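Below are the chains, spelled out letter by letter.
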Amino acid sequence: MQQTSTTMRETVNQVWKKRPIIISGPCSAETEEQVLETATRLAKTGRVDMLRAGIWKPRTRPGSFEGIGTKGLPWMQQAKKITGLPVTVEVATAKQVEDALTFDVDVLWIGARTTVNPFSVQEVADALRGVDVPVLIKNPINPDLELWTGAVERVAKAGIKQIGLIHRGFSSYGNTEYRNAPMWHLAIEMKRRNPELLMINDPSHISGRRDILLDVAQKAIDLDMDGLIIESHIDPDKAWSDAKQQVTPERLGEMIGQIVWRKEDI
Ligand code: PEP
Ligand code: MN
């Protein structure tokens, strides 16, 4: 048991240094079968370094799927066992951090709706004190680099050594081409201010739709981002959340193959 977890920690460290890092998996864990089949098919593409799934889903408005909850954590554990890939889930409260760690989640991420709230970020950070786990921090939903920076500082002050950033775009009023405007200059500025932190791009939540995912992903790589987190689902149109932006695991693999990578990544 000890042997297994030491090995996985080493794998996570290697993945953390790999360029580009590719993270994929469903927006939400829905059923055990869906999680395991997505994970198996993603692993088969040979293009993915880490699996993602939302277990607790902070929805902007009530009335839609708010996540399967703690029940889904053993599914992620099993997905890791089958594929050998580390797993990441979103956490927004101390209890969620505790539960995720109990089920050996390898990397935690803080979502855009949490990064906006210093009390929530502090609660998560306090729960992380004394824990050795990498944390990815999404940009806040609004274009405020100070809030994003504040979240990084709170997590760093709790003693977390491996911190990464996820650029998922910024919300704006009315219909635009994007679900969340990328405002690339903000991601670039954040990277300039924090050159030691990973910067991963999230084309799924920027695009909100499948047809421009590849263009957004390519732009992120052209701008020297360190990796991509892209949602995938075995039956995208039937997904319980974010159906329009998810792609099948096979399409994900194909897209990663279509991206023109930097010379040093090949
Ligand atoms: C997600 O990754 O599914 C998610 C809820 O993202 P965000 O926090 O960027 O909206
Ligand atoms: Mn989503």
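Details of the structure are given in the entry above.
Residues numbered from 1 in each chain as written. Chains lettered and ligands numbered in written order. Predicted model: local features only at pLDDT ≥ 70, side-chain atom pairs only at ≥ 80, totals over all residues. Heavy atoms only, no water.

Below, the discussion takes up the sheet that holds strand β5 (residues 135-138). Around the barrel, eight strands lie side by side as β1-β2-β3-β4-β5-β6-β7-β8; this closed barrel has parallel pairing. On average, each strand axis in the sheet is tilted by 25° relative to the strand beside it, whichever way the strands run. The pairing of strand β3 (residues 87-90) with strand β4 (residues 107-110) spans three bridges and is parallel. Residue pairing across strands places T88 opposite V107, the latter belonging to β4. In the packing of helix α8 (residues 184-193) onto the sheet, contacts are made with β6 (163-167) and β7 (198-201), and the angle to β7 comes to roughly 160°. (Pairing = 2+ DSSP bridges. Helix = DSSP H or I, 4+ residues; strand = E, 2+ residues; numbered from the N terminus. Axes fitted to C-alpha atoms, helices over the stretch in contact; angles between N-to-C directions. Contact = heavy atoms within 4.5 Å.)

Quick look at the packing of aromatic side chains now. Within the structure shown, the criterion is met by one aromatic pair. For the ring pair F65 and W240, a centre distance of 5.0 Å and an interplane angle of 90° mean the geometry is edge-to-face. In this pair, F65 sits in the loop between β2 (50-52) and α3 (73-83) while W240 sits in the loop between β8 (227-231) and α11 (249-258), placing the two residues 175 residues apart along the sequence. (Phe/Tyr/Trp six-rings, centres within 6.5 Å; stacked < 30°, edge-to-face > 60°.)

A full pass over the atoms with the stated rule returns one cavity of 30 Å³ or more. Considering only enclosed or pocket space, the largest cavity measures out at about 40 Å³ in volume. Within the residue set of the lining of the largest cavity, elements represented by two or more residues are α2 (32-45) and β2. Among the elements that take part in the lining of the largest cavity, α2 stands out by supplying four residues, more than any other. (1 Å grid on protein atoms, 1.4 Å probe; cavity = no way out; pocket = protein on both sides within 12 Å on 5 of 7 lines; lining within 4 Å. Points joined across faces, edges and corners; volume = space filled by probe spheres on them.)

What follows is about the pairing of β8. Burial runs high along β8: five of the five residues are buried. Of the two faces of β8, both are covered, the one formed by G227, I229 and E231 as well as the one formed by L228 and I230. As paired strands, strand β1 (residues 21-25) and β8 are joined by five bridges and run parallel to one another. From the neighbouring strand, S24 faces β8, where its bridge partner is I230. With two bridges connecting them, β7 and β8 associate as parallel partners. Bridge assignment links N201 to a residue of β8, and that residue is L228. (Buried < 20%, exposed > 50% of the residue type's maximum accessible area, 1.4 Å probe, protein only.)

Looking at the secondary structure, you find A220 in helix α10 (residues 213-222). Classification of A220 as buried rests on a relative accessible area of 0%. The spacing of A220 and P143 is 77 residues in sequence and 18 Å in space, taken between C-alpha atoms.

As a further point, take the coordination of the manganese ion (ligand 2). In the first shell of the manganese ion (ligand 2), the protein supplies C27 (SG), H205 (NE2), E231 (OE) and D242 (OD), at 2.1 to 2.4 Å from the metal. Positions of the donor residues of the manganese ion (ligand 2) along the chain correspond to the pattern C-x177-H-x25-E-x10-D. Residue C27 is located in the loop between β1 and α2, and its partner E231 is located in strand β8; the two are separated by 204 residues in the primary sequence. Each of the two residues, C27 as well as E231, counts as buried. (Donors = N, O, S within 2.8 Å, 3.2 Å for Na, K, Ca; no water.)

This is a description of form; function is not addressed.
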